[in-house]
Amino acid sequence: MHMLVMDPDPATAALLMADVQAQGFSQVTHIADASGLAQAVAGNTPDIVIFNYHFDRPDSLESCGLIRLIAPHTAILAIASAGPAIKRLRSWSRDSGALDVILEKPYLTQRFRAALGDLVQGKQASRAMEVKAALLENLLPEEALTAIDRNATDEVEIFEGTVLFTDIRRSSEMITHMPPREFFSQLNQTLSIQAKLVRDYEGSVIKFTGDGVLAVFRGMGKSYLALRCAVELAGNSCQQIFPYGIGVAGGLIMAGLVGDSGRAGQKQQYDVIGASVHLAARLCNMANAREVIATQQAYAAARFSHPVTRAIGRVSIRGFDAGVDCVALNPSPETTVTATGT
């Protein structure tokens, strides 16, 4: 917990710092005037500022306001003598909203320590919430965070996109032949590499499916980016440890929160659904390790030339009445690009 004592009087500043340090806070800095304030606050943002206001130094209020501007989340405890000083400080605080706590001198040491303790507890609780929020953010897909930013969590979004699925081959068999911790570590490494490649090609990871990834590409060049990503995924070195197949399909996608919405507080998760999502999953199941199977429609839309492309032709896929024309792509040292496509 970093504290900053702002006091132009060396004697009272020394007393304040000694009192704070007596409470077990060792990281305490003293600033006498505004000359080094901006650098001190910006270089090592304090958690709490103790501001000793002197009536004969009205310009120090501007310095206090500067702290709030530079470090808006820093808590400020201000103290001032009874009479005109405390009146001016309270008036300024009402107008600026810059102060969290105001104490009138002379005050009891216990009162000062109690006020400081309350601010410390508040900062610790705020830190814990920030850590928790960061952890929760890691559990949410990028598209879900975007939906939250738009306040659109209760709405279904429908858009044209390209879906990419990966799935590790024989993962159930491998987990029985590898130490569990090693399997888990290697699995996380493989999924992390896949997720990074998706992001590199401007896609969004919707979820990890246990031993694979579901990703969506949208906007201009979606098919092209998805196919380029898929081919690079097929040739990535992580295939040597956990070989996987890849499926790619495009079409209408519905996105939003799915789950139990019947009562408040019930669990829901962000997901994408639609025929194209199911189709990409089916194609992924058909693909061999280190192979991409994509719909002919997605391949044509991408305008993407690949030297080892082979036509599979029309295949019957469960859940689709009509056959689906597909192509298979295998990794190769180079990829020929004719256009960026759609």
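Because the structure is a prediction, the values reported are computed rather than measured.

Now for helix 3 (residues 60-70). Where helix 3 is concerned, the buried positions are Ser60, Leu61, Ser63, Cys64, Ile67 and Arg68. On an axial view of helix 3, the arc spanned by its buried residues comes to 160°, and they lie on one face. Of the residues in helix 3, the exposed ones pointing more than 90 degrees away from the buried face are Glu62 and Leu69.

Under the defined criterion, the tally for this structure stands at nine salt bridges. Among the ionic pairs, Arg113 bridges to Asp19, the shortest N-O distance being 2.9 Å. On the criterion of sequence distance, the pair formed by Arg113 in helix 5 (residues 109-139) and Asp19 in helix 1 (residues 10-22) is long-range, its members being 94 residues apart. Salt-bridge contacts for Lys196 lead to Asp200; the nearest nitrogen and oxygen are separated by 2.9 Å. Highlighted residues: Lys196 and Asp200, both in helix 8 (residues 180-200), separated by four residues, approximately one helical turn. According to the relative accessible area criterion, Asp200 is partly exposed, its value standing at 45%.

Attention shifts here to the packing of helix 3 against helix 4 (residues 84-96). The contact between helix 3 and helix 4 brings their axes to 12 Å, and the two run at 35°. Remark: the crossing between helix 3 and helix 4 carries right-handed chirality. From helix 3, Leu61, Cys64 and Gly65 reach across to helix 4, where they touch Arg88, Leu89 and Trp92. Looking at side-chain class alone, the contact of helix 3 with helix 4 contains four nonpolar, one polar and one charged residues.

In this structure, Leu164, Phe217, Cys229, Ile246, Val248 and Phe304 are the most contacted members of the largest nonpolar core, which totals 36 residues. Sorting the residues of this core by element identifies strand 6 (157-168), helix 8, strand 8 (213-218), helix 9 (222-235), strand 9 (244-259), strand 11 (292-295), helix 11 (296-302) and strand 14 (324-329) as the ones contributing at least two each. With nine residues, helix 9 is the single largest residue contributor to this core. Membership of the second largest hydrophobic core comes to 24 residues, among which are Val163, Val272, Leu283 and Val315.

What follows deals with the packing of helix 8 against helix 9. For the pair helix 8 and helix 9, interaxial distance at closest approach is 9 Å and the crossing angle is 155°. Considering their axes alone, helix 8 and helix 9 lie roughly antiparallel with respect to each other. Of the two elements, helix 8 crosses helix 9, and the hand of that crossing is right-handed. Facing helix 8, whose interface residues are Gln194, Leu197 and Val198, helix 9 presents Cys229, Glu232 and Leu233. Tallied by class, residues from the contact of helix 8 with helix 9 come to four nonpolar, one polar and one charged.

Moving on, we come to a nonpolar patch on the surface. Taken together, the side chains of Val156, Ile158, Leu252, Met254 and Ile273 make up a nonpolar region of the molecular surface, amounting to roughly 480 Å² of accessible area. By secondary structure assignment, the location of Met254 is in strand 9. Taking the relative accessible area as the measure of exposure, Met254 reaches 34% and is therefore partly exposed.

Here the focus is unusual backbone geometry. Here the phi dihedral of Glu202 falls at roughly 65°; this positive angle occurs in a residue that is not glycine. Residue Glu202 is classed as exposed on the basis of its relative accessible area of 61%. If you check the backbone angles, Arg303 has positive phi at about 50° while not being a glycine. When you line up the elements, Arg303 lands in the loop between helix 11 and strand 12 (304-305).

Now for the packing of aromatic side chains. Taken as a whole and judged by the stated rule, the model has three aromatic pairs. Ring centres of Phe183 and Phe242 lie 5.2 Å apart, and the angle between their planes is 55°; on these two criteria the pair is classed as tilted. Of this pair, Phe183 sits in helix 8 while Phe242 sits in the loop between helix 9 and strand 9, and the two are 59 residues apart along the sequence. With respect to class, Phe183 is no different from Phe242; both count as buried. With a centroid separation of 6.3 Å and an interplanar angle of 70°, the aromatic rings of Tyr224 and Phe304 are classed as edge-to-face.

Now for the sheet that holds strand 5 (residues 101-105). Read across the sheet, five strands follow the order 2-1-3-4-5 without closing on themselves; strand pairing throughout is parallel. At either end of the open sheet lies a strand with only one pairing partner, and these are strand 2 (28-31) and strand 5. Neighbour to neighbour, the strand axes of the sheet diverge by 20° on average, direction disregarded. Pairing of strand 1 (residues 3-6) with strand 3 (residues 48-52) involves four bridges; the strand directions are parallel.

Quick look at the confidence of the model for the protein chain now. Of all residues in the protein chain, 87% have pLDDT values of 70 or greater, and the mean over the chain is 83. Low confidence marks residues 333-340, where pLDDT is under 50. Its contacts with residues over four positions away, or in another chain, come to 19 contacts.

The next thing to look at is the pairing of strand 5. Sheet topology places strand 4 (residues 75-81) next to strand 5; five bridges connect them, and they run parallel. Bridging from a neighbouring strand, Ala78 pairs with Ile102 of strand 5. Regarding the hand of the β-α-β motif, the stretch spanning strand 4, helix 4 and strand 5 is right-handed.

Taking 1.5 Å per residue, 13 residues should reach 18 Å; helix 1 reaches 18 Å between its end C-alpha atoms and fits that length. For helix 1, the full list of buried residues reads Ala13, Leu16, Met17, Asp19 and Val20. Take helix 1 and look down its axis: the buried residues cluster within an arc of 160°, on one side only. Within helix 1, the exposed residues directed more than 90 degrees away from the buried face are Pro10, Ala11, Leu15 and Ala22. Structurally, the start of helix 1 carries an N-cap: the backbone nitrogen of Ala11 is 2.8 Å from a side-chain oxygen of Asp9. Just downstream of helix 1, Gly24 is the residue with a positive phi angle, here 100°.

About the criteria used
Residues numbered from 1 in each chain as written. Predicted model: local features only at pLDDT ≥ 70, side-chain atom pairs only at ≥ 80, totals over all residues. Heavy atoms only, no water. Buried < 20%, exposed > 50% of the residue type's maximum accessible area, 1.4 Å probe, protein only. Helix = DSSP H or I, 4+ residues; strand = E, 2+ residues; numbered from the N terminus. Arc of directions from axis to C-beta. Salt bridge = Lys/Arg side-chain N within 4 Å of Asp/Glu carboxyl O. Axes fitted to C-alpha atoms, helices over the stretch in contact; angles between N-to-C directions. Left-handed = near helix turned anticlockwise from the far one by under 90°. Contact = heavy atoms within 4.5 Å. Nonpolar A, V, L, I, M, F, W, Y, C, P; charged D, E, K, R; others polar. Core = buried A, V, L, I, M, F, W, Y, C linked by side-chain atoms within 4.5 Å. Parallel < 35°, antiparallel > 145°, perpendicular 65-115°, else oblique. Patch = residues over 30% accessible without salt bridge, like charges linked within 9 Å, V, L, I, M, F, W, Y side chains within 5 Å. Areas by Shrake-Rupley, 256 points an atom, 1.4 Å probe, with all protein chains shown as cover. Phe/Tyr/Trp six-rings, centres within 6.5 Å; stacked < 30°, edge-to-face > 60°. Pairing = 2+ DSSP bridges. pLDDT = per-residue confidence, 0-100. Right-handed = clockwise from strand over helix to strand, strands pointing away. Expected span 1.5 Å × (residues − 1). Polar contact = N/O pair within 3.5 Å; in protein donor to acceptor, adjacent residues only side chain to side chain.

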